[in-house]
Amino acid sequence: MSEQKYVSNAGSLKISQEVIASIAGYTATDMEGVSALATVPQNLTGWLEKQPLRPVSIQLNDGVAVIDIRLRIRHGAKIPELCRKLQSNVKEAVQNMTGVVVSKVNLQITGVDFAEDAAEK
């Protein structure tokens, strides 16, 4: 994986894509309406060896990040509103914590979780 590098008179700093992905993932799962990051079914992992699907993936080009997040939402969430807030919050969190410019936050909703609503009734 590539890294974002910063150099100053005091030394250098490298931020890996894994760090950016963990910030984005934590920010996403911390939002109300998001159930969890999406996982890849075990029966597909061998089939997808060439390009593993991760819940959060980062593409860095010339210091600008594109973030892709796969997630599950809770039943009853207003998807368009939730996605706008999620994209804004992830972009802001990554930029504030790392200084990496985020051009896009792409979301893929892979499912809706109903179990928590049934348990609350």
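Model, not experiment: these values are computed from the prediction.

Visitor: Explanation requested: the pairing of strand E4 (residues 56-61) in the structure shown.
Guide: A regular strand places its side chains so that they alternate between the two faces of the sheet. Only one face of E4 is buried, namely the one carrying Val56, Ile58 and Leu60, since none of Ser57, Gln59 and Asn61 on the opposite face is buried. One ladder, built from six bridges, connects E4 with strand E5 (residues 64-74); its direction is antiparallel. In the sheet register, Asn61 faces E5, and the bridge partner there is Val64. Connecting E4 to the antiparallel partner E5 that follows it, the hairpin turn spans two residues, and Asp62 within it adopts a positive phi of roughly 55°.

Visitor: Where do I start with unusual backbone geometry in this structure?
Guide: A negative phi holds for most residues other than glycine; trans holds for most peptide bonds. For Asp62, which is not glycine, the phi torsion reads 55° and is therefore positive. Note that Asp62 resides in the loop between E4 and E5. The exposure class assigned to Asp62 is exposed, which follows from its relative accessible area of 81%.

Calculation rules
Residues numbered from 1 in each chain as written. Predicted model: local features only at pLDDT ≥ 70, side-chain atom pairs only at ≥ 80, totals over all residues. Heavy atoms only, no water. Buried < 20%, exposed > 50% of the residue type's maximum accessible area, 1.4 Å probe, protein only. Helix = DSSP H or I, 4+ residues; strand = E, 2+ residues; numbered from the N terminus. Pairing = 2+ DSSP bridges.

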